[in-house]
Amino acid sequence: MAQPTKMNPKSQGSGGREVWGTRLGFVLAAVGSAVGLGNMWRFSYVASEGGGAAFLILYVALIALIGIPLMLAEFSVGRRTHLSPIGAIRQVAGSRWVPLGVLYVLTGFLVLSYYAVIAGWTLRYSLDGILGGFAGDPGVYFESVATGWDAIAYHLVFMTITIGIVMNGVQRGIERAALILMPILFLILLGLAVWAATLPGAREGYAFYLQPSLAELMDPAVLTGAAGQAFFSLSLGMGAMLTFASYLSRDSDLNQEAVTVSLSDFLVAFIAGLVVFPVIAALGLQDQVGESAVGALFISLPGAFEAMGGIGRIVGILFFVALAVGALTSALSLLEVVTSSIIDELRISRRKAALGLGVLIAAVGIIPALSLDALGLMDAIAGELFLVIGAFGMAIVVGWVMPNVAGEMKRGASPAFERYVPGVVFLVRYVLPVVIGIVLWFSILETIENVQAFFVG
Ligand code: TRP
């Protein structure tokens, strides 16, 4: 059996499997997985289109009712089995469910392949900001960054960093990166939000972001969009949280961690909106935000930063560095899902698995680096539909197939949280399958439309 040989013995669990060095390390790694491009780039326009403050209330309710229970479900499977997704699903639900684990690995593979392309843009913007500012026409600039050789090059650089960290393992790779990078990200973002409050457009920006509009909330597409956003942002539905929890010791408090991780993720998304909208409103660019899903912020923000002169440039660099940092810690979790499954299933070494899979993922990513349409399609299929299917499967497995879920959730919980476990189990059994089932129905319809649009042109 392949074993990490240079590992400090304290970093291994009973079966020779690695464990997190500290509780904070695990929480920050999980927050790092959750906080990413989804928070800082996707959330703001979903919220402003979905009804502002009314949307935020819906979103928080969804996190409490669906997000936290589902995260707890994933945590429970991971911590009970100490296995990566395929093996973990096999152990708690039997071989019949193995395809669900395989779907998780496939989803991780596909999401990372285009996620790393977008992350490459953030690297490029950071670097260009440092080297000379975001000059020229923002739309033309974006196109030159987003596709073609440049996009491929930055995508490959980003993948190289990701692979390098995952090759180093859980404690010395992922945990250490999270401990260093997450505080940096929080500080940058807080600083930016304070600065944004001083802008002349701040009030209009907040109004555009938070203006409550109930009419939009009545649209079922907003509900399903909010649910989809919650899964993506919380890294649920593809075994990422399951995998991270598999490196926990038996007595950690899953309930508390699930709440901490979910709330931190929401807070970062909310604060990112407090940065983005004042900047955009300061230059009257509101209308551009909703237009193109993929390019919106990448087109409007650099133009806005550039127009603000010297300060704008510094702020712009910080903003894109924060984005790149968030993307990196998320990418680590995506690669870890794929890598750990291959380590467990094929019994090859971590270094070989991370490197081999990373190279494959990087190669597939060349397609979305050449075509924004392909990128959008991959996001719609893997980043939405597959996640919703994966979340549905997770709710069924944990709610109906896995034995003694309540016992697992109670283990290590403080008495205050223990009281909520029966309620959480009820949500996982009855509420999640219904709500996720509805979302799934809409996602299928939407995906059919997207696929048709892609091939018809
Ligand atoms: N949550 C990350 C974001 O908001 C993306 C991500 C990382 C993810 N790991 C995941 C999404 C696992 C779904 C599943 O950008």
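Here the residue numbering is sequential within each chain, running from 1 through the sequence in written order. Per-residue local features of the predicted model are confined to residues with pLDDT of at least 70, and side-chain atom pairs are confined, for both listing and counting, to 80 or more; whole-chain, interface and lining totals are unaffected and use all residues. The basis for every side-chain value is the complete set of heavy atoms in the structure, and neither hydrogens nor water enter the calculation.

**Concerning the overall build of the chain**
For the chain, the count of helices and strands is 22 helices and 0 strands. By its C-alpha atoms, the chain is 55 × 50 × 45 Å across when sized along the principal axes. In the chain, which comprises 457 residues, the share counted as buried stands at 58%. For the chain, the share of sequence-separated contacts (at least 6 apart) that also reach a separation of at least 24 residues comes to 84%. Approximately 17,500 Å² of the chain is accessible, and the part contributed by carbon and sulfur atoms is 68%. For the charge count, each Lys or Arg is scored as positive and each Asp or Glu as negative, with His and the chain ends excluded. By convention, the charge on Lys lies at NZ, on Arg at CZ, on Asp at CG and on Glu at CD. Within the chain, one finds 23 positive and 28 negative side-chain charges whose respective centroids are separated by 17 Å. The numbering of helices and of strands both runs from the N terminus, where a helix is a DSSP run of H or I of at least 4 residues and a strand a run of E of at least 2. Three labels apply to residues, based on accessible area from a 1.4 Å probe with only protein chains included: buried if under 20% of the type maximum, exposed if over 50%, partly exposed otherwise in between. Contact definition: two residues touch when any of their heavy atoms are within 4.5 Å. Accessible areas in this description were obtained via Shrake-Rupley with a 1.4 Å probe; residue shielding takes into account the shown protein chains only.

**Considerations on the site of the ligand**
When at least one non-hydrogen atom of a residue lies within 4 Å of a molecule or strand, that residue is treated as near it. Within the structure, the ligand sits among 16 residues, and Ala 34, Gly 38, Tyr 115, Phe 232 and Ser 235 are positioned closest to it. Ser 333 has a polar side-chain atom sitting 3.2 Å from a nitrogen atom of the ligand. Taking 360 Å² as the accessible area of the ligand by itself, protein coverage stands at 100%. In this classification, Asp, Glu, Lys and Arg are treated as charged, Ala, Val, Leu, Ile, Met, Phe, Trp, Tyr, Cys and Pro as nonpolar, and every other residue, Gly included, as polar. By residue class, the composition of the shell around the ligand is 8 nonpolar, 8 polar and no charged. Pairs of N or O atoms within 3.5 Å make up the polar contacts considered here, provided that, within protein, one atom can donate a hydrogen while the other can accept it, and that residues adjacent in sequence are counted only when both atoms are side-chain atoms.

**As for the packing of helix H5 (residues 98-131) against helix H17 (residues 350-364)**
Close contact between H5 and H17 brings their axes to 8 Å; oriented N to C, the two are set at 55 degrees. Compared by their axis directions, H5 and H17 come out oblique. Where H5 crosses over H17, the handedness of that crossing is right-handed. Residues Phe 109, Leu 112 and Ser 113 of H5 form the contact with H17, whose participating residues are Leu 357, Leu 360, Ile 361 and Val 364. Convention adopted: a line fitted to C-alpha atoms gives each axis, helices being fitted over their contacting stretch, and angles between N-to-C directions are expressed from 0 to 180 degrees. Here the angle decides the label: under 35 degrees means roughly parallel, over 145 means roughly antiparallel, 65 to 115 means roughly perpendicular, and every other value means oblique. By the definition used in this description, the sense in which the near helix is turned from the far one sets the handedness, with an anticlockwise turn below a right angle giving left-handed and a clockwise turn giving right-handed.

**Brief notes about the packing of aromatic side chains**
Stacked, edge-to-face and tilted labels apply to pairs of Phe, Tyr and Trp rings (six-membered ring for Trp) whose centres lie within 6.5 Å, assigned for plane angles under 30 degrees, over 60, and everything in between, in that order. This structure, assessed with the given rule, holds 26 aromatic pairs. Between Trp 20 and Tyr 247 the ring centres are 6.1 Å apart and the planes differ by 85 degrees, which places this aromatic pair in the edge-to-face class. Taken together, the residues span a long stretch of sequence, with Trp 20 in the segment before helix H1 (23-34) and Tyr 247 in the loop between helix H12 (240-245) and helix H13 (254-282) at a distance of 227 residues. Assigned by exposure class, Trp 20 and Tyr 247 land together as buried. Judged by centre distance (6.2 Å) and plane angle (85 degrees), the rings of Phe 305 and Phe 320 are edge-to-face. Taken as a pair, Phe 305 in helix H15 (residues 296-307) and Phe 320 in helix H16 (residues 309-346) lie far apart in primary sequence, 15 residues in all. For the residue pair Phe 305 and Phe 320, the accessibility class agrees, reading buried in each case. Ring-pair connections join several aromatic residues into one group, and the members of that group are Phe 43, Phe 55, Tyr 59, Phe 208, Tyr 209, Phe 266, Phe 270 and Phe 277. Ring-over charges, as used throughout, are those where CZ of Arg or NZ of Lys falls within 6 Å of the ring centre and within 35 degrees of the ring normal. Lying over the aromatic face of Phe 232, Arg 42 brings its terminal NZ or CZ to 5.2 Å of the ring centre.

**Considerations on the confidence of the model for the chain**
Here the chain averages 89 in pLDDT, while 93% of its residues score no lower than 70. Taken as a whole, residues 1-10 scores under 50 in pLDDT and shows 12 contacts with residues more than four places along the chain or in a different chain. On a scale of 0 to 100, pLDDT captures the predictor's confidence in every residue.

**A closer look at H16**
What a helix should span is 1.5 Å times the count of its residues minus one. With 38 residues, H16 should reach 56 Å at 1.5 Å per residue; the first-to-last C-alpha distance of 54 Å fits that figure. Within H16, 28 of the 38 residues are buried, which leaves the element mostly enclosed by the surrounding structure.

**Section: a nonpolar patch on the surface**
In this scheme, patches are assembled from residues that exceed 30% relative accessible area and form no salt bridge. Like charges are connected within 9 Å, while nonpolar side chains (Val, Leu, Ile, Met, Phe, Trp, Tyr) are connected within 5 Å. Within this document, salt bridges are pairs made up of a side-chain nitrogen of Lys or Arg and a carboxyl oxygen of Asp or Glu, the two lying within 4 Å of each other. Residues Leu 24, Leu 179, Ile 180 and Ile 184 make up a contiguous nonpolar surface patch of about 340 Å² in total accessible area. If one sorts the elements of the nonpolar patch by residue count, helix H8 (residues 170-197) sits on top with 3 residues. Residue position: Leu 179 is located in helix H8. For Leu 179, a relative accessible area of 33% corresponds to the partly exposed category.

**Looking at the pattern of salt bridges**
Opposite charge on two side chains lets them pair, provided their charged atoms get close. Applying the stated criterion across every chain, the model contains 10 salt bridges. Linking Glu 408 and Arg 79 is a salt bridge whose minimum nitrogen-to-oxygen distance equals 3.2 Å. Here Arg 79 lies in helix H3 (residues 52-81) and Glu 408 lies in helix H20 (residues 405-410), a separation of 329 residues in the sequence. Residue classification places Arg 79 among the buried positions, given a relative accessible area of 0%. With a shortest N-O distance of 2.9 Å, Asp 150 and Arg 124 are connected by a salt bridge.

**Points about the side chain of Thr 339**
Tracing the backbone shows Thr 339 in helix H16. Filtering out sequence-adjacent residues up to four positions away, Thr 339 remains in contact with Val 166, Arg 350, Ala 353, Ala 354 and Leu 357.

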